[in-house]
Amino acid sequence: MSHRHFGSLHAPNAEMAIKNARDVYTRRNEGVSIWVVQANDIAASSPSDKGPLYEPAEDKVYRHPSFYKIPDDIGAM
Amino acid sequence: MTVSTDALFQCLLRLGDNTLILGQRLGEWCGHAPALEEDIALANTALDLMGQTRHWLTLAGEVEGKGRSEDDLAMLRDVWDFRNVLLVEQPIRDYGHTLMRQFLFDHYHLLMLRGLSESADSRLGDIAAKSVKEVTYHAERSAELIIALGDGTEESHMRMQDALDRLFPFAGELFETDAIDEDLAQHGIAPLPSSLRPAFEAQLDIVLAEATLSKPTDSFAHKGGRTGFRHTEHLGHLLASMQWLQRAYPGAQW
């Protein structure tokens, strides 16, 4: 099941964090499963490094499979 | 022989008034709780209780057969006609008191609803079965908080013990059993409140031990709410703020 980041909250421990997340973020049926992670345990890239980290990928269209023409005799893939 | 209409009506008022008054009390924290997460969690619990109230009081009105709606019963009765236990009308005081009251009520509530979900009257059974899911969560949450705060700092421990000492004498009324309860139990409508006490005490002992809190040994119990004999002065104040709009502008809708 794919999970995505939904928000941040305070809690004294993991169990209460799950309960708080349930109360704060699933009130309108948004979810059926919750993962919580302590902020300390998240290693994150720095927003100021955005340029060197992500811009080099912008002009490398050949990394998308759609860049390549499939020879006719291969047929449907 | 079927159960008397009046016994069934009283039973539904007792259920619906408990959730109505406690829901209203919890609503007092909305926007004021000590942390955002607590604020939202308590408001969620209050809304669960209000939802249950609507089912109980709607059914109470139907059973009574005088054309009273859930709103009529909630907004147009005065203190002496309410059948909630004294515990739920007590003021919120500090957060420790609010949580301790919630913990005591949740564990009683869960046992009562489990019993009611087996009711011979499927109308009660269906409401109880739906409510059990909500209250299972309430009970888990309040127990965890009692443990966290009881076994927390010196200050939080002191406040939780203080709340327990003050509120425990109100727990006895939850298990008070009168002729109406006997009538209901005989017909398989609702469990005898007194039959729920051993399981309640067992659960209480487990949680309080983990929370390093001492249960008061005095068995004195404040009573009079669920029979309507005598409410505490707090209920009138609560009703004044809850009902004033319908009293000042009768029939107002929005």
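## What to know about the overall build of chain B
(1) Moving on: Secondary structure summary: chain B contains ten helices and zero strands in total.
(2) Moving on: Secondary structure of chain B in N-to-C order comes out as α-α-α-α-α-α-α-α-α-α.
(3) Moving on: A compact globule built from 254 residues would reach a C-alpha radius of gyration of about 18 Å, and chain B, at 18 Å, matches this within 12%.
(4) Moving on: Its C-alpha atoms give chain B principal-axis dimensions of about 55 × 45 × 30 Å.
(5) Moving on: With 254 residues in all, chain B has 43% of them scored as buried.
(6) Moving on: Contacts spanning at least 24 positions in sequence make up 75% of the contacts within chain B whose residues lie at least 6 apart.

## Quick word on the overall build of chain A
(1) Moving on: Across its full length, chain A carries two helices and zero strands.
(2) Moving on: For 77 residues, the compact-globule formula gives about 11 Å, and the C-alpha radius of gyration of chain A, at 21 Å, lies well above that figure.
(3) Moving on: Counting only C-alpha atoms, chain A reaches 60 × 35 × 20 Å along its principal axes.
(4) Moving on: Per-residue burial over chain A gives 5% buried out of 77 residues.

## Examining the environment of D218(B)
All names here are of chain B.
(1) Moving on: With respect to the secondary-structure elements, D218 resides in the loop between α9 (193-210) and α10 (233-248).
(2) Moving on: By C-beta crowding, D218 is classed as exposed, having 8 other C-beta atoms within 10 Å.
(3) Moving on: Placed 49 residues apart in sequence, D218 and P169 show a C-alpha to C-alpha distance of 8.0 Å.

## Focus on the environment of N18(B)
Residues and elements named next belong to chain B.
(1) Moving on: Inspection of the secondary structure assignment puts N18 in helix α1 (residues 5-27).
(2) Moving on: Distance in space between the C-alpha atoms of N18 and S69 is 17 Å, their sequence separation being 51 residues.
(3) Moving on: Discounting chain neighbours no more than four positions away, the residues touching N18 are N84, V85 and V88.

## A short note on helix α5 (residues 95-116) of chain B
(1) Moving on: With 22 residues, α5(B) should cover 32 Å at 1.5 Å per step; its first-to-last C-alpha distance of 30 Å lies within 8% of that length.
(2) Moving on: Within α5(B), 19 of the 22 residues are buried, leaving the element largely enclosed by the surrounding structure.

## With respect to the interface of chain A and chain B
(1) Moving on: With eleven residues of chain A at the contact, the number on the chain B side is eight residues.
(2) Moving on: Considering only residue class, the side of chain A that touches chain B consists of five nonpolar, two polar and four charged.

## Concerning the nonpolar core
Residues and elements named next belong to chain B.
(1) Moving on: One finds C11, L12, A60, L87, M100 and I146 to be the most contacted residues of the largest nonpolar core, which totals 70 residues.
(2) Moving on: Looking at this core element by element, the count peaks at twelve residues for α5.
(3) Moving on: Leaving out residues up to four positions away in the same chain, I146 has contacts with L99, M100, F103, M160, V207 and A211.

## What about the packing of helix α6 (residues 122-150) of chain B against helix α7 (residues 154-167) of chain B?
All names here are of chain B.
(1) Moving on: Closest axis-to-axis distance for the α6/α7 pair is 7 Å, and the angle between their directions is 125 degrees. The orientation of α6 relative to α7 falls into the category oblique. Across from I146, L149 and G150 in α6, the residues of α7 making contact are S156, H157 and M160.
(2) Moving on: Classifying every residue of the contact of α6 with α7 by side-chain character gives three nonpolar, three polar and no charged.

## As for unusual backbone geometry
(1) Moving on: A positive phi angle, near 65 degrees, is found at N29(A), a position not held by glycine.
(2) Moving on: For N29(A), the location among the structural elements is in the loop between α1 (14-25) and α2 (50-54).
(3) Moving on: Of note in the backbone geometry, T212(B) takes a positive phi value of approximately 55 degrees without being a glycine.

## With respect to the packing of α5(B) against α9(B)
Residues and elements named next belong to chain B.
(1) Moving on: Axis separation between α5 and α9 bottoms out at 10 Å; the angle between their running directions is 140 degrees. Between α5 and α9, the crossing angle belongs to the class labelled oblique. The handedness of the crossing between α5 and α9 is right-handed. Contacts between α5 and α9 involve H107, Y108, L111, M112 and G115 on the former and, on the latter, L196, A199, F200, Q203 and L204.

## Some thoughts on the environment of P47(A)
(1) Moving on: In this fold, P47(A) is placed in the loop between α1 and α2.
(2) Moving on: For the pair P47(A) and A11(A), spaced 36 residues apart in sequence, the C-alpha separation works out to 26 Å.

## Things to note about the confidence of the model for chain B
(1) Moving on: Averaged over chain B, the pLDDT score is 96; the fraction of residues at 70 or greater is 100%.
(2) Moving on: Per the prediction output, this complex has pTM 0.89; the corresponding ipTM is 0.76.

What counts as what
Residues numbered from 1 in each chain as written. Chains lettered and ligands numbered in written order. Predicted model: local features only at pLDDT ≥ 70, side-chain atom pairs only at ≥ 80, totals over all residues. Helix = DSSP H or I, 4+ residues; strand = E, 2+ residues; numbered from the N terminus. Rg over C-alpha atoms; globule rule 2.2 N^0.38 Å. Buried ≥ 20, exposed ≤ 12 C-beta atoms within 10 Å, placed from the backbone. Contact = placed C-beta atoms within 7 Å. Expected span 1.5 Å × (residues − 1). Nonpolar A, V, L, I, M, F, W, Y, C, P; charged D, E, K, R; others polar. Core = buried A, V, L, I, M, F, W, Y, C linked by C-beta atoms within 7 Å. Axes fitted to C-alpha atoms, helices over the stretch in contact; angles between N-to-C directions. Parallel < 35°, antiparallel > 145°, perpendicular 65-115°, else oblique. Left-handed = near helix turned anticlockwise from the far one by under 90°. pLDDT = per-residue confidence, 0-100.

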